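# Structural characterization, general
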Amino acid sequence: MTFYDELVRLRNTDYAAEFERVTPSQVSSALAKTELQPQDFLALLSPKASSLLEEMAQAAHRLTLQHFGRTIVLYTPLYLSNYCINHCVYCGFNSANPILRRKLTLPEVELEAKAISQTGLQHVLILTGESRQHSPVSYIKECVAVLRKYFSSISIEIYPLSTEEYAELIAAGVDGLTIYQEVYDEKTYSRLHPGGPKRDYRFRLEAPERAGQARIRAINIGALLGLGQWRSEIFLAGMHLAYLQETFPEIESSISLPRMRPQFGDYRPEFPVSDRDLVQSILALRLFMPRAGITISTRERAELRDNLIQLGVTKMSAGSSTAIGGHTNAKDSIGQFEISDKRPVDEVRQTIANLGYKPVLKDWHDLN
């Protein structure tokens, strides 16, 4: 049994009708509970709940303080390569896009590491396009060996691996996995991924479980908002998160809520997600999953990110670049998507502190 089997059970649900059937009393009942069930989570994502965001915000704020205190963990992405063999229609790295393809050498990785570490950050997320030929596991291990000299936490956001490959990278020093299903509706997923290995919906969906079986420290999942109807996508992503937390209680579990941003190829999201929709998603997730982390990246503009800090967010990126070598020398490399919050790390840290929170640069240490 995997989460895919759970999705098969949920596949025939008419979510539009389910959300419309929610009554105000069901929303109020969900808000009054200390432990929510899936039906309560669905109620908090419904249109009826949108008029009670203030009450939801107060409850989410209390729960976040209870479980996480006034802390925000900071990290930054480091793009190693943009070679990709997939044809994702919404991605700037789509193999059909005529962009400059590049892969960092190990000396260039070290230059990037030095530049990032000078900001004080101790958490880094390394990313590649999905090409095993250009970014094999052996290359990623070599990069991790360099990065371990500078960072206490190294997470990966790369192509899905086997359990054995995840174990290999964990032994090399990787402690976290970020992987987005992109869109949980399987028919939409098939349409948006017309070619390449990423077309295998189930292999990608089960990647967090394989990493969990390899005993990774932290897993972060998410849906790319704008590709499907946001209410059902957040509901299924939340169910996925709940499944992972129950299956791997010893693993730190979290979720990201990335919205589509402009990118090379100019794909326009079919289902735009407003700021209010994003806020409702964060609040509903916090109330449903009190112990789960919630990440907001620099895809979002600075003012909005600052306002989200008190609503349930526990982790934020800072000083980001989505270009290869973006922290030192991008060499005309085109980023995967446009960054919205371009503030330097020091400014983000100061803003967090001004709001009465502690910016955390290092929240764990490997004793091995």
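For the structure, see preceding data.
What comes next is a walk through the structure. (Residues numbered from 1 in each chain as written. Predicted model: local features only at pLDDT ≥ 70, side-chain atom pairs only at ≥ 80, totals over all residues. Heavy atoms only, no water.)

### Describing the packing of aromatic side chains
Worth spelling out the cut-off: Centres within 6.5 Å are what make two rings of Phe, Tyr or Trp a pair, Trp counting through its six-membered ring; a difference in plane orientation under 30 degrees is then read as stacked, over 60 as edge-to-face, and the rest as tilted. Numbering of helices and strands starts at the N terminus; helices are DSSP runs of H or I of at least 4 residues and strands are runs of E of at least 2. Remark: exposure states derive from per-residue accessible area (1.4 Å probe, protein chains only) relative to the maximum for the residue type, with buried under 20%, exposed over 50%, and partly exposed in between. In our convention, an over-ring charge means Lys NZ or Arg CZ found within 6 Å of a ring centre and within 35 degrees of that ring's normal.
With the rule as written, the count across this model stands at 10 aromatic pairs. The interplanar angle of 50° and the centroid separation of 5.6 Å between the aromatic rings of F3 and Y243 together place this pair among those described as tilted. With F3 in helix α1 (residues 3-10) and Y243 in helix α12 (residues 230-247), the pair connects residues that are 240 residues apart, well separated along the chain. By relative accessible area, F3 is classed as buried at 1%. When the ring of Y15 is compared with that of F235, the centres are 5.6 Å apart and the planes differ by 50°; the resulting orientation is tilted. Taken together, the residues Y15 in helix α2 (residues 15-21) and F235 in helix α12 connect sequence positions 220 residues apart. Ring pairs connect the aromatic residues Y15, F19, F41, F235 and F288, which therefore count as one cluster. Between R70 and the ring centre of Y357, over which it is positioned, the NZ or CZ distance is 5.3 Å. Lying over the aromatic face of Y139, K103 brings its terminal NZ or CZ to 4.3 Å of the ring centre.

### Describing the environment of N86
Spelled out, the test is: Contact criterion: two residues are considered in contact whenever any of their non-hydrogen atoms come within 4.5 Å of each other. By the criterion applied in these results, polar contacts are pairs of N or O atoms within 3.5 Å in which, for protein atoms, one can donate a hydrogen and the other can accept it, and in which residues neighboring in sequence qualify only through two side-chain atoms.
Looking at the element boundaries, N86 is found in the loop between β1 (71-81) and α6 (106-117). Between the C-alpha atom of N86 and that of A96, which follows or precedes it by 10 residues, the distance is 8.5 Å. The residues touching N86, leaving out its near neighbours within four places in the chain, are N94, S95, E130, G195, G196, P197 and K198. Polar side-chain contacts of N86 include one of 3.0 Å to the backbone nitrogen of K198.

### Things to note about the packing of α6 against helix α7 (residues 137-147)
Spelled out, the test is: Comment: axis = line fitted to C-alpha atoms, over the contacting stretch for helices; angle = value between 0 and 180 degrees taken between N-to-C directions. Our angle categories are set so that under 35 degrees counts as roughly parallel, over 145 as roughly antiparallel, 65 to 115 as roughly perpendicular, and the remainder as oblique. In this scheme, a crossing is called left-handed if the near helix is turned counterclockwise away from the far one by less than a right angle; it is called right-handed if the turn is clockwise. Charged residues are taken to be Asp, Glu, Lys and Arg, nonpolar residues to be Ala, Val, Leu, Ile, Met, Phe, Trp, Tyr, Cys and Pro, and polar residues to be all remaining types, Gly included.
The contact between α6 and α7 brings their axes to 9 Å, and the two run at 40°. It follows from the interaxial angle that α6 and α7 lie oblique. Remark: the crossing between α6 and α7 carries right-handed chirality. Note on element contacts: α7 touches α6 through Y139, E142, C143, V146 and L147, opposite L106, V109, E110 and A113. Here the contact of α6 with α7 is built from residues that sort into 7 nonpolar, no polar and 2 charged.

### Section: the pairing of strand β3 (residues 153-157)
Working note: regular strand, side chains alternate between the two faces of the sheet. For clarity, the threshold we go by: A pair of strands is considered paired only if DSSP assigns at least 2 bridges between the two. Here is how to tell: hold the view so the strands point away, follow the path from the first strand over the helix to the second, and if it runs clockwise the crossover is right-handed.
Summarising burial for β3: 5 of the 5 residues are buried, a large majority. Burial along β3 is two-sided: the face carrying S153, S155 and E157 and the face carrying I154 and I156 are both buried. Of the strand pairs in this sheet, strand β2 (residues 123-128) and β3 are connected by 5 bridges, and their pairing is parallel. Paired with V124 across the strands is I154, a residue of β3. Handedness of the crossover is the feature at issue here: the chain leaves β3, passes through helix α8 (residues 163-172), returns alongside strand β4 (residues 176-178), and the resulting connection is right-handed.

### Description of helix α13 (residues 275-288)
In plain terms, the rule: Here the expected span of a helix is defined as 1.5 Å times the quantity of residues minus one.
Between its first and last C-alpha, α13 extends 20 Å over 14 residues, near the 20 Å set by a 1.5 Å rise per residue. The buried fraction of α13 is high, at 12 of 14 residues. By the burial criterion, the buried members of α13 are D277, L278, V279, Q280, S281, I282, L283, A284, L285, R286, L287 and F288.

### Overview of unusual backbone geometry
Residues other than glycine seldom take positive phi values, yet E182 does so here, at roughly 75°. For E182, the position within the fold is in the loop between β4 and α9 (186-192). When its relative accessible area of 8% is taken as the criterion, E182 is described as buried. The phi dihedral of R215 is positive, around 70°, even though this residue is not glycine.

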